[in-house]
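Residue strings, one per chain:
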Amino acid sequence: MAPTDETERPTLWRNARLATMSAGLSGLGVVEKGAVAAAGGRILFAGPEAEVPQALAAGAETVDCGGRWITPGLIDCHTHLVWAGNRAKEFELRLAGASYEEVARAGGGIVSSVNALRAAGEDRLLAETLPRLDALIAEGVTTVEVKSGYGLDAGNEAKALKVARRLGRERPVSVRTTFLGAHALPPEFSGDKAGFIARVVEEMLPAIAAEGLADAVDGFCEKIAFSPEEIARVFDAAKAAGLPVKLHADQLSDLSGAALAARYGALSADHLEYTSEAGAEAMGKAGTVAVMLPGAFYFIRETKVPPVDAFRRHGVAMAVATDCNPGTSPLTSLLLTMNMAATLFRLTVDECLLGVTRNAARALGLAAETGTLEAGKSADLAIWDIESPAELVYRIGFNPLHARIWKGRIWKGTGR
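Residues numbered from 1 in each chain as written. Predicted model: local features only at pLDDT ≥ 70, side-chain atom pairs only at ≥ 80, totals over all residues. Heavy atoms only, no water.

Going by the annotation in an unreviewed UniProt entry, the name recorded for the chain is Imidazolonepropionase, with Jiella sonneratiae given as the source organism. Regarding the chain, the relevant UniProt record gives this comment under Sequence similarities (unreviewed entry): "Belongs to the metallo-dependent hydrolases superfamily. HutI family." The Pathway (unreviewed entry) field of the UniProt record for the chain holds the comment "Amino-acid degradation; L-histidine degradation into L-glutamate; N-formimidoyl-L-glutamate from L-histidine: step 3/3." (UniProt positions renumbered as here; feature names shortened; annotations may be inferred.)

Attention now goes to helix α10 (residues 277-286). Along α10, the residues classified as buried are Gly279, Ala280 and Met283. Down the axis of α10, the buried set is contained in an arc of 100 degrees. They therefore lie on one face. With respect to the buried face of α10, the exposed residues turned more than 90 degrees away are Ala278 and Lys285. In this structure, the buried side of α10 is in contact with α9 (257-263), β11 (268-271), β12 (289-292) and α12 (308-313). Downstream of α10 by a residue or two, Gly287 has a phi angle that is positive, lying close to 75 degrees. (Buried < 20%, exposed > 50% of the residue type's maximum accessible area, 1.4 Å probe, protein only. Helix = DSSP H or I, 4+ residues; strand = E, 2+ residues; numbered from the N terminus. Arc of directions from axis to C-beta. Contact = heavy atoms within 4.5 Å.)

According to UniProt, the feature "binding site: Zn(2+)" (unreviewed entry) maps to His78, His80, His248 and Asp323 in the numbering used here. Taken along the chain, the residues just named run across 246 residues; in space they keep tight, none of their C-alpha pairs more than 12.2 Å apart. Mapped onto the elements, His78 comes out in the loop between β6 (74-76) and α2 (88-95). Setting aside residues no more than four positions away along its own chain, His78 makes contact with Glu145, Lys147, His248, Asp270, Val291, Leu293, Ala321, Thr322, Asp323 and Cys324. One polar contact links His78 to His248, side chain to side chain, over a distance of 3.3 Å. (Polar contact = N/O pair within 3.5 Å; in protein donor to acceptor, adjacent residues only side chain to side chain.)

Another point: the sheet that holds strand β8 (residues 174-182). Spatially, β6-β7-β8-β9-β10-β11-β12-β13 is the arrangement adopted by the eight strands of the open sheet, whose pairing is parallel. Taken across any chain shown, the strands that pair with only one partner, and hence form the sheet edges, are β6 and β13 (318-320). Within this sheet the neighbouring strands show an average axis-to-axis angle of 25 degrees, counted without direction. Sheet topology note: the strand β9 (residues 216-221)/strand β10 (residues 246-249) ladder contains two bridges and is parallel. For Cys221, the partnering residue across the bridge sits in β10 and is Ala249. (Pairing = 2+ DSSP bridges. Axes fitted to C-alpha atoms, helices over the stretch in contact; angles between N-to-C directions.)

Shown next, in the form of structure tokens:
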């Protein structure tokens, strides 16, 4: 479907209440009688309606928001969206008592998704992924991160990242891609972690970087995955390739993954259930964002919550994401994810909403581009039929999205 407005005239959304998420304002940056103006895909003005420049208002196409709330478009900053098949059988095994580690060591887990992705062509992967992306878009998501990690060889990792790039051409959404080659040990390297890490560092990562397929590099630092020393080799290679890093850290045990991420100036460290006080302090000093993933916590029935109070003490920005993946978080609702973060991790309403806007943008290295309603940033907006922003966190299974604007244009549905 084409956008509803293809003119070059500025658009002015008026008679609205804004949650700007601007760092320059307290809390959510609320403006009770606000307006947002945009042209050329960029925000020209966001603030009190009474302060809209007269010349801008006179030349703009005006949209009366009827007192609705406008927030930045939502950002899902951690997903594994591209996969084939499903792992419902493993869900049954865990219900019967098997742990995440036991499933993985028995040949299930990530490796089963590797086999499925390797067997699928790009078109099939795209067809299976689009409905998951559409579900996110329908809730106001305008930016999504997509990781590889189910290919685990050069050709299949590239295939997954190419499909992720295609998502941004098939739908009106911004896509950031992350190379997650150090996700698990593929069957052909059974028992040879050193050999596989050498392959990632010497062959896979340089090839991915040369093709321009990745915006960042990630790894899984865990007893069932890779050690801090092995991840450090990957991060050194990423640095040499000019790519920022992120890390799956301290999800199942404390291997000091958060501190490792901080040492490399990582954009984010994600999961973090077992992160120590020292790890939180290191993240705060490095400016590394803590990405909360309550879907995985819920799905694998974890009981140790991330050290949210420690993150607050050390000034660590917290983001919230779905971790949409086939094995441990088959979740395609960022609205539900916020409710989970509040209910399970005791994040406040403000922390949840900042976690899917301003802080999520920081976790992707996009703080200068999106995540707040400020002049100069991408005109990515979500307009909501709500009485207060708290409703976006409070409601379960309800989508109050009125309109989604991506790069200044209103899109109906998924934009197909």
